[in-house]
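Now for the letters of each chain:
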Amino acid sequence: MELPFIQSTILVLVGAGAGLATSVLGIGGGIVIVPSLLAVLPLLRVPDQFTPEMALATSLAVSVVTAIMSAYSHWRLGNLKKPFAPEKLGLMVCAGAGAAFGAVSMIKAPPALAALVIVAAQCFLCWSMLRRGHRKAKRAPVEPGASPDFNARALGPRLYFSVVGLLTAIGAGGSLIVPYLSVKGVEHREAVGLAGWLGLLIGLSALVVYATKPVAGVAWTLGAVHLPAALLVAMGSVLGVRHGAVLASRVNQDLLRKALALFLIASSGRILFHLAT
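Residues numbered from 1 in each chain as written. Predicted model: local features only at pLDDT ≥ 70, side-chain atom pairs only at ≥ 80, totals over all residues. Heavy atoms only, no water.

Trainee: Help me understand the overall build of the chain in this model?
Mentor: Per the secondary structure count, the chain includes ten helices and two strands. Going residue by residue from the N terminus, the α and β elements of the chain occur as α-α-α-α-α-α-α-α-β-β-α-α. Partitioning the contacts of the chain with sequence separation of at least 6, the portion at a separation of at least 24 is 80%. Surface exposure of the chain reaches about 12,900 Å², of which carbon and sulfur atoms provide 69%. (Helix = DSSP H or I, 4+ residues; strand = E, 2+ residues; numbered from the N terminus. Contact = heavy atoms within 4.5 Å. Areas by Shrake-Rupley, 256 points an atom, 1.4 Å probe, with all protein chains shown as cover.)

Trainee: Sorry if this is basic, but what is going on with the packing of helix H3 (residues 51–76) against helix H9 (residues 227–247) here?
Mentor: Angle between the axes and distance between the axes: these two values describe a pair of packed helices. Packing of H3 against H9 leaves a shortest axis separation of 9 Å and a crossing angle of 25 degrees. Regarding the angle of H3 to H9, the classification is roughly parallel. Crossing angle aside, the handedness with which H3 passes H9 is right-handed. Two secondary-structure elements touch here, H3 through Thr58, Ala61, Val62, Val65, Thr66, Met69, Ser70, Ser73 and His74 and H9 through Ala229, Ala230, Val233, Ala234, Ser237, Val238, Val241, Arg242 and Ala245. (Axes fitted to C-alpha atoms, helices over the stretch in contact; angles between N-to-C directions. Parallel < 35°, antiparallel > 145°, perpendicular 65-115°, else oblique. Left-handed = near helix turned anticlockwise from the far one by under 90°.)

Trainee: What is the right way to read the pattern of salt bridges from this model?
Mentor: Where charged atoms from two side chains of opposite charge approach closely, those side chains can pair. Taken as a whole and judged by the stated rule, the model has three salt bridges. With a shortest N-O distance of 3.1 Å, lysine 213 and glutamate 53 are connected by a salt bridge. With a gap of 160 residues between them, lysine 213 in the loop between helix H8 (188–211) and strand E1 (221–222) and glutamate 53 in helix H3 connect regions that are remote in the sequence. Note that glutamate 87 and arginine 153 form a salt bridge whose closest N and O atoms lie 3.2 Å from each other. (Salt bridge = Lys/Arg side-chain N within 4 Å of Asp/Glu carboxyl O.)

Trainee: Which parts of the structure should I look at to understand the nonpolar core?
Mentor: Considering soluble globular proteins, one finds that nonpolar side chains tend to be buried as a cluster. Membership of the largest hydrophobic core comes to 70 residues, with the highest contact counts inside it found for Leu11, Leu41, Phe150, Phe161, Ile177 and Leu181. Top contributing element to this core by residue count: H8, with twelve residues. (Core = buried A, V, L, I, M, F, W, Y, C linked by side-chain atoms within 4.5 Å. Buried < 20%, exposed > 50% of the residue type's maximum accessible area, 1.4 Å probe, protein only.)

Trainee: Just to check I follow, could you spell out the packing of helix H1 (residues 5–24) against helix H2 (residues 30–40) for this structure?
Mentor: Packing of H1 against H2 leaves a shortest axis separation of 9 Å and a crossing angle of 170 degrees. Overall, the two elements H1 and H2 adopt an arrangement that is roughly antiparallel. Between H1, through Gln7, Ile10, Leu11, Val14 and Ala18, and H2, the contact on the second element is made entirely by Val32, Ile33, Ser36, Leu37 and Val40. Residues of the contact of H1 with H2, tallied by class, amount to eight nonpolar, two polar and no charged. (Nonpolar A, V, L, I, M, F, W, Y, C, P; charged D, E, K, R; others polar.)

Trainee: Looking at this structure, how should I read empty space enclosed by the protein?
Mentor: Here the idea is plain: a probe the size of a water molecule rolls over the atoms and shows the empty space left. A full pass over the atoms with the stated rule returns two cavities of 30 Å³ or more. Every residue lining the largest cavity is counted, 28 residues in all, and those nearest its centre are Gly28, Gly29, Ser63, Thr168 and Gly174. Elements that contribute at least two residues to the lining of the largest cavity include exactly H1, H2, H3 and H8. Residues of the lining of the largest cavity, tallied by class, amount to 13 nonpolar, 15 polar and no charged. (1 Å grid on protein atoms, 1.4 Å probe; cavity = no way out; pocket = protein on both sides within 12 Å on 5 of 7 lines; lining within 4 Å. Points joined across faces, edges and corners; volume = space filled by probe spheres on them.)

Trainee: Explain a nonpolar patch on the surface to me, please; I cannot follow it from the model alone.
Mentor: A surface patch of nonpolar side chains, amounting to about 320 Å² of accessible area, comprises Leu113, Leu116, Leu272 and Leu275. The set of elements that each furnish at least two residues to the nonpolar patch consists of helix H5 (111–133) and helix H10 (253–276). Within the secondary structure, leucine 272 is located in helix H10. (Patch = residues over 30% accessible without salt bridge, like charges linked within 9 Å, V, L, I, M, F, W, Y side chains within 5 Å.)

Trainee: It is not clear to me how the packing of aromatic side chains should be interpreted in this structure. Could you clarify?
Mentor: What the rule picks out here adds up to three aromatic pairs. Ring geometry for tyrosine 160 versus phenylalanine 161: centroids 5.4 Å apart, planes at 80 degrees, classification edge-to-face. Here tyrosine 160 falls in the partly exposed class, since its relative accessible area comes to 26%. (Phe/Tyr/Trp six-rings, centres within 6.5 Å; stacked < 30°, edge-to-face > 60°.)

Trainee: What should I look at first to understand the environment of leucine 194 in this one?
Mentor: Counting through the fold element by element, leucine 194 comes out in helix H8. Here the alpha-carbon distance between leucine 194 and tryptophan 75, two residues 119 residues apart in the chain, equals 9.3 Å. In this structure leucine 194 touches Leu80, Lys88, Phe150 and Leu181, once residues within four positions along its chain are discounted.

Trainee: What's the story with unusual backbone geometry in this structure? I'm lost.
Mentor: Trans is the prevailing form of peptide bonds, just as negative phi is the prevailing case for residues other than glycine. If you check the backbone angles, lysine 82 has positive phi at about 50 degrees while not being a glycine. Tracing the backbone shows lysine 82 in the loop between H3 and helix H4 (86–107). Taking the relative accessible area as the measure of exposure, lysine 82 reaches 67% and is therefore exposed. The residue tryptophan 220 is not glycine, and still its phi comes out positive at about 55 degrees. Here tryptophan 220 shows up in the loop between H8 and E1. The class for tryptophan 220 is exposed, based on a relative accessible area of 53%.

Right, here's the structure in full:
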């Protein structure tokens, strides 16, 4: 399948932006990739009724690559400590189980519901990011293992990350990991590293479900995953993640958060306009 140059370039740039957002701010790349795919996939002759679902599935495929690169980069920089510790593996299993359940639920839902869920999540995330920009940290950041408010073995965090996995499988939860860890007193860079590690099993669990559902009439797909789009976005995300992990401690994150909030507002407006027409 030969993709037009302009669309191919856009997909690579989208991936680079998502990779940077993932490794710098720790927000799920899906909030950048999914709305972009909703705009680009129709140009690649994907029928409108399949566009929301394929955007989610393709984004999840890319998230697996992004999570691997982000976790590895932050591990090398010392931001992800003891990734195979039992408590962290327990969080991964809970998040992965939630993602698998969320993917199954989304497949059974009407396609328009996926777009509405995306809009609701984007509006909430936009509000959250702007709100966080006006709040000051009340406690000194600490490592995950040293935080008195974050016990990875406790039931609360495991239930929370199960819900995050579920929401991520429907395009909404990837940005809820780092803010939660920050509230619990985890240092930002370590929170981003842990988010990448958890995102690996979240993406894989949901991807298995989406990859088993065939989409009729669309070439070069694996289930609901649009393979050419996934490859191009993944190429860009690898580049973005490699530089983003290094920039995590240097970039003005308040400015990036505000820019991303504006992007979410514009994206939500476009999706609602698309549904209305």
